[in-house]
Structures are given as structure tokens and as C-alpha cells.
Amino acid sequence: MAVSQSELRMKVIAIDGPSASGKGTVAAQVAAILNRDYLDSGALYRLTALYASQQNIDWHNEHEIATLAYKLPVVFSTDSILLNGMDVTAAIRTETIGMGASAIAALPAVRTALLQRQRDFLTPRGLVADGRDMASVVFPQAELKIFLTASAPIRAQRRALQLGLATDGADYQRILNEIEKRDQADRSRTVAPLKPANDAIILDTSLLSIKESVEKVLDWYRKI
Ligand SMILES: Nc1ncnc2c1ncn2[C@@H]1O[C@H](COP(=O)(O)OP(=O)(O)O)[C@@H](O)[C@H]1O
Ligand SMILES: Nc1ccn([C@H]2C[C@H](O)[C@@H](COP(=O)(O)OP(=O)(O)O)O2)c(=O)n1
């Protein structure tokens, strides 16, 4: 009997999860080991938020931001991201832009505008994609779906270390507050909220090293 399109498994490993859980790090390493492309979908939301702010467009202006998102002039290369010819690799990583990304990500027209752009990253090489809705919306036929998480205090410590800040005191507390605020916003929105897909495997990395987290994903991949 013929297999319908909806039954076909896509050569995609979807890795979703909350902020600073390690999705990007694990997804990029798994992609390199399996010789696949890597999609950092959050970067597209961050780029859209940055582009809007550069043009003084309010992050709640759904129509204008969706229009920008459709024509985002972005070039991804191995170690940099160019927006309109400008290197914005570091500029999109600030927590202000993270909050902006989270705000515009709640607008349905913006998500629709970025949908095809994300799907276009899939080539015959295969893809490892990280974000919030890789498994539920963008690649529902992904061959493996992981929901990567860790406790909020551990994620805040990881983010602090990543930014070269102390893992206690005022900086840590501010990062923890920002992480919890963004998680809450991403979980409670009506479109594509942050939550594990029904068929996702939950990987809590609170007590795991990066190497162990990558190994877990590869172990599951070998079993599919
Ligand atoms: N399992 C882990 N154990 C310890 N640190 C980790 C682990 N996974 C990721 N990290 C570190 O946590 C930080 C945040 O990871 P990142 O991949 O940027 O998260 P996300 O993409 O989910 O926001 C990075 O500095 C990364 O090296
Ligand atoms: N697939 C995605 C990816 C990101 N987003 C939104 C929600 C997030 O708070 C922001 C930023 O995402 P990003 O993955 O870059 O953020 P973190 O690295 O996890 O802190 O974008 C989304 O709604 N859907």
C-alpha cells in the first residue's frame, strides 16, 4: 500500500526547549557529528525583532513585523549572521532582543511569515533544528523529537557563565528573572506555545554535561 505524505518521516531531529537549556549547543554538535545542516530558528525571531527595532517598528505591530519577516535580508555563514549586510552575530544575542523575539513570536502572522523560511533549511543532507515549535509545527514529521530542559536556576547559571558573569549575586538573579519571565511568555501564548510535543522525548540536562546530553540524543537517534 502506498505511504501517504503525512506518514513519511522527515530527516529532521527537532530539539525544542526553554531558554538556556542547551538546545543550540546540543543541536549544533549533533548536526556536526551526523554531517547535517543546523537550523537555529530562534535566530530568525531575534533577527526579526532587531530589524523591527532598527526601523522603529513597535514589537506589537503584527502586520508591519510580518511584512519585515517575509523579506528579512539575512545571510547565514558558518560563524556570522549578516542582516542587511551588517554583522549582527552578537547584537541579536542580548536579552533585550531575546524579549523582543519572544514578543514578536506571539504574533500569528509573524510565525506564518517565518514558517517556509525555516522549512527551506531542510535539504537531502538532513537537518537538526532547535527552537520552541520544531516538533509541533515546523517539522511535525521529524524522525526524532527531543524536548531539552533543565531547572531554571541551572539554566540561569549556564547563561551567566556563557556571558562571563558570576553565577550568584545580582547578575545571576537578574538573568534568572529574565529567563523565568521569557519562559512564562513563551508557554502562555496562544500560537505554538512552548511545550513538549506529544511524541517528544524529554531530556532533562540539569545533571548532565554537554557531552552526555549529545550522547543521549545520538543514542536515541541510533535506535530509530
Ligand atoms: N548539559 C550542559 N551542561 C552544562 N552546560 C551546558 C549544557 N548544555 C549547554 N550548556 C551551556 O549552557 C549555555 C547555554 O546553552 P545554549 O545552547 O546557548 O542554550 P539555548 O540554545 O537553549 O538557549 C552554553 O554556554 C552551553 O555551553
Ligand atoms: N521556534 C521558535 C524559536 C524561538 N522563538 C521565540 C521565543 C524565544 O523566547 C525567542 C528567542 O529564542 P532563542 O531560541 O534564540 O532563545 P534562547 O537561546 O533559548 O534564549 O524566540 C519561538 O517562538 N519559536
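As a starting point, this report considers the structure included with it. (Residues numbered from 1 in each chain as written. Chains lettered and ligands numbered in written order. Predicted model: local features only at pLDDT ≥ 70, side-chain atom pairs only at ≥ 80, totals over all residues.)

Some words on helix α3 (residues 62–70)
- Every buried residue of α3 is listed here: I65, L68 and A69. Summarising the axial view, the buried residues of α3 lie within an arc of 100°, below the 170-degree limit, and thus occupy one face.
- The secondary structure elements touched by the buried residues of α3 are α2 (41–54), α4 (95–104) and α5 (108–119). (Buried ≥ 20, exposed ≤ 12 C-beta atoms within 10 Å, placed from the backbone. Helix = DSSP H or I, 4+ residues; strand = E, 2+ residues; numbered from the N terminus. Arc of directions from axis to C-beta. Contact = placed C-beta atoms within 7 Å.)

Examining the pairing of strand β1 (residues 10–16)
- For β1, the tally of buried residues reaches five of seven residues, placing the bulk of the element in the interior.
- Taken together, the five bridges between β1 and strand β7 (residues 142–149) define a ladder with parallel strand orientation. Counted as the bridge partner of A14 is K145 from β7.
- Direction of pairing for β1 relative to strand β6 (residues 127–131): parallel, over a ladder of five bridges. Bridging from a neighbouring strand, A14 pairs with A129 of β6. (Pairing = 2+ DSSP bridges.)

Describing the site of ligand 2
- Around ligand 2, the surrounding shell holds 16 residues, and the nearest of these are S19, G42, S102, A105 and G131.
- Breaking the shell around ligand 2 down by element, the ones donating at least two residues are α2, α4 and α8 (169–188).
- The dominant element in the shell around ligand 2, judged by the number of residues it contributes, is α2, at four residues.
- Residue composition of the shell around ligand 2, grouped by class: four nonpolar, seven polar and five charged. (Near = placed C-beta within 6 Å. Nonpolar A, V, L, I, M, F, W, Y, C, P; charged D, E, K, R; others polar.)

Focus: the site of ligand 1
- In the neighbourhood of ligand 1, 16 residues make up the surrounding shell, with G22, G24, T25, R158 and Q162 lying closest.
- Here the residues of the shell around ligand 1 sort into three nonpolar, ten polar and three charged.

Some words on the nonpolar core
- Core analysis: the biggest nonpolar cluster contains 26 residues, and A14, I15, V128, A129 and I146 have the highest contact counts within it.
- When residues of this core are traced back to their parent elements, those giving at least two are β1, α1 (23–34), β2 (37–40), β6, α6 (134–138), β7 and α9 (210–223).
- No other element matches the five residues that β7 contributes to this core.
- The contact partners of V128, leaving out residues within four places of it in the chain, are I13, I15, A27, V30, A31, R36 and Y38.
- Formed by 23 residues, the second largest nonpolar core is a distinct cluster that contains L44, I81, A103 and L107. (Core = buried A, V, L, I, M, F, W, Y, C linked by C-beta atoms within 7 Å.)

Observations regarding the packing of α2 against α5
- Taken N-terminus to C-terminus, the directions of α2 and α5 make an angle of 135°; their axes are 11 Å apart at the nearest point. As judged from the angle between their axes, α2 and α5 are oblique. For the crossing formed where α2 meets α5, the hand is right-handed. Every residue of α5 that contacts α2 at S41, L44 and T48 is listed here: V110, L114, R117 and Q118.
- In terms of residue class, the contact of α2 with α5 is made up of three nonpolar, three polar and one charged. (Axes fitted to C-alpha atoms, helices over the stretch in contact; angles between N-to-C directions. Parallel < 35°, antiparallel > 145°, perpendicular 65-115°, else oblique. Left-handed = near helix turned anticlockwise from the far one by under 90°.)

Observations concerning α9
- For α9, which comprises 14 residues, the first-to-last C-alpha distance of 20 Å matches the rise-based estimate of 20 Å (1.5 Å per residue) to within 8%.
- Burial in α9 covers these residues: S213, V214 and V217. Seen end-on, α9 carries its buried residues on one side only, within an arc spanning 95°. Seen from the buried face of α9, the exposed residues on the opposite side, beyond 90 degrees, are K211, E212, D219, R222 and K223.
- The inward-facing, buried residues of α9 contact α1, β7 and β8 (201–204). (Expected span 1.5 Å × (residues − 1).)

Description of the sheet that holds strand β3 (residues 74–76)
- Strand order in the open sheet formed by three strands is β3-β4-β5, with antiparallel pairing between adjacent strands. Looking at the sheet topology across the chains shown, the edges are occupied by β3 and β5 (86–87).

Side note on the environment of L127
- Among the secondary structure elements, L127 is positioned in strand β6.
- For L127 and D183, which are 56 residues apart along the polypeptide, the C-alpha to C-alpha distance reads 25 Å.
- L127 has contacts with K11, V12, R36, D37, L39, F121 and L122, leaving out every residue within four places of it along the chain.

Bear in mind that shape data such as this cannot, by itself, settle questions of function.
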